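Tertiary structure, described
Letter by letter, the chains look like this.
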Amino acid sequence: MSFVVAVVGATGAVGREMLRTLEQRAFPVSRVVALSSKRSAGTKLPFAGGEVVVEELVAGSFAGVDLALFSAGASVSREYGPIAAKAGALVVDNSSAWRMDPDCPLVVPEVNLAHAARRPKGIIANPNCSTIQMVVALKPLHDAARLKHVVVSTYQATSGKGHAAVEDLLAQTRANLEGKGVEPSVFPGQIAFNVICDWKAGEGDTSEEEWKMVYETRKILGDDSIAVSPTTVRVPVVTGHAEAIHAQFHRPMTADEAKTLLRGAEGVELFDAPYAPGNHPQPVQAAGQDAVMVGRVRNDPGVPGALNLFVVADNLRKGAALNAVQIAERVLVK
Ligand SMILES: NC(=O)c1ccc[n+]([C@@H]2O[C@H](COP(=O)([O-])OP(=O)(O)OC[C@H]3O[C@@H](n4cnc5c(N)ncnc54)[C@H](OP(=O)(O)O)[C@@H]3O)[C@@H](O)[C@H]2O)c1
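Note that the structure is a prediction, hence the values are computed from the model and not measured.

Around the ligand, the surrounding shell holds 26 residues, and the nearest of these are T11, V14, S37, S40 and S159. Between S40 and the ligand, the recorded distance is 2.5 Å, taken from a side-chain N or O atom to an oxygen atom. Coverage of the ligand by the protein amounts to 77% of the 910 Å² it exposes when considered alone. Looking at which domains feed residues into the shell around the ligand, each of domain 1 (3-127 + 320-333) and domain 2 (131-314) gives three or more.

In structure tokens form, the structure reads like this:
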């Protein structure tokens, strides 16, 4: 059996990765419907040795579509997600529009695939990229010793903010190296040779991105008692988010036990070698890869029974496109 697949936001950073992922994983596609705004209609995108011509997204775009992968922002998903579902498509949405809706499961296949079975709106939400890689790494540890408190600091790549954000980083870097003034076009300030917090404001002084990590982690792991203390930060990296994670459990956990649990855990690549300068997971290694790389697993010197880890993954793949395609594989193709 093969499926008609719509990719909404096909010209974007995630949409392009969706097309690559469908092709690389030989997802059974009978036809791709590539959709964008009017701006990019007519653009040709490579797919399966040929090209697909991008069409403007309209209400009628979903006739005959079996699977609709959305990555065109929350307002597009809010408006067109239900239209696609009503037309009979399974909707897997990458935006934040449906993540906290109690009638939309929020799914990471390695962690909570069973949640995908109950989807009364026909929409499955893909979590935030930072949340996905964190829960893949923490799930085996949570199953063994139950998470109590997670303190996480992120080092997030510019592609997490879309295609134009990467162009801004590159333009700023060139301008800086040429001694010219930096004029940001997407970021609220200088990102080249700098580190900034560029998230939308959230409740209190906690950013929207930080709240996503709190609420989404609890929903995915099905445990509202887990305390999550995030600080989300943007760094001048093109692709690959890194996270420094401190985890406390309801019973003491050692680094040795954690490594045993993580070795061979689904979706995880454990970096087991002892620490040496530069010997740890890095965004340049993770870019283009499927695995969530977990390294620097160590006992916390200050809190007995707690652990520190360093977790890196490709935000466009496991953080977005790959996770969405894996959901579709498990739900539609099986
Ligand atoms: N980047 C990541 O790492 C990441 C990870 C997880 C989730 N996400 C989510 O995925 C979504 C897309 O992110 P991105 O990074 O791929 O952004 P992007 O590179 O800016 O791409 C946005 C895409 O959405 C399309 N689009 C925008 N407005 C539209 C409209 N009114 N109607 C139809 N299409 C429209 C754009 O089409 P045009 O070419 O016509 O403008 C483009 O294809 C966002 O919701 C984001 O939060 C991103």
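Here we come to the environment of L90. Relative to the assigned elements, L90 resides in strand 7 (residues 90-93). The exposure class assigned to L90 is buried, which follows from its relative accessible area of 7%. The spatial distance from the C-alpha of L90 to the C-alpha of A328 is 8.1 Å, given a sequence separation of 238 residues.

Next up on the list: the side chain of S130. Counting through the fold element by element, S130 comes out in helix 4 (residues 129-145). Among the polar contacts made by the side chain of S130, one reaches the side chain of Q156 at a distance of 3.2 Å. What S130 contacts, discounting residues up to four positions off in sequence, is T154, Q156, E209, M213, H241 and E243.

Let's shift gears to the nonpolar core. By size, the foremost hydrophobic cluster in this structure holds 38 residues, and its most contacted members are L138, L141, V294 and L309. At the level of secondary structure, the elements contributing two or more residues to this core comprise helix 4, strand 9 (147-155), helix 6 (208-221), strand 11 (241-249), helix 7 (255-262), strand 12 (268-270), strand 13 (292-299) and strand 14 (307-313). At eight residues, helix 4 tops the list of elements feeding residues into this core. Each of domain 1 (3-127 + 320-333) and domain 2 (131-314) contributes no fewer than three residues to this core. L19, F47, V325 and I327 belong to the second-largest nonpolar core, a separate cluster that totals 31 residues.

In this section: the domain arrangement of the protein. Annotation of the protein at the domain level lists domain 1 (3-127 + 320-333) and domain 2 (131-314). Counting residues at the interface gives 18 residues for domain 1 and 17 residues for domain 2. Between domain 1 and domain 2 lies a buried interface of about 1600 Å² when both sides are counted; carbon and sulfur atoms form 65% of it. For the domain 1 face of the interface with domain 2, the top three residues by lost area are M100, E110 and V111, together amounting to 33%. Linking domain 1 to domain 2 there are three salt bridges. In this structure, R99 and E216 form a salt bridge, with 3.2 Å as the shortest nitrogen-oxygen distance. Applying the counting criterion to the domain 1 and domain 2 interface returns five residue pairs in polar contact (both at pLDDT 80 or more). Going through the elements one at a time, helix 3 (109-112) and helix 9 (317-333) are the ones with two or more residues in the side of domain 1 that touches domain 2.

Calculation notes
- Residues numbered from 1 in each chain as written.
- Predicted model: local features only at pLDDT ≥ 70, side-chain atom pairs only at ≥ 80, totals over all residues.
- Heavy atoms only, no water.
- Near = heavy atom within 4 Å.
- Polar contact = N/O pair within 3.5 Å; in protein donor to acceptor, adjacent residues only side chain to side chain.
- Areas by Shrake-Rupley, 256 points an atom, 1.4 Å probe, with all protein chains shown as cover.
- Domains from an automatic or database assignment.
- Helix = DSSP H or I, 4+ residues; strand = E, 2+ residues; numbered from the N terminus.
- Buried < 20%, exposed > 50% of the residue type's maximum accessible area, 1.4 Å probe, protein only.
- Contact = heavy atoms within 4.5 Å.
- Core = buried A, V, L, I, M, F, W, Y, C linked by side-chain atoms within 4.5 Å.
- Buried area = accessible area lost by both parts, 1.4 Å probe.
- Salt bridge = Lys/Arg side-chain N within 4 Å of Asp/Glu carboxyl O.

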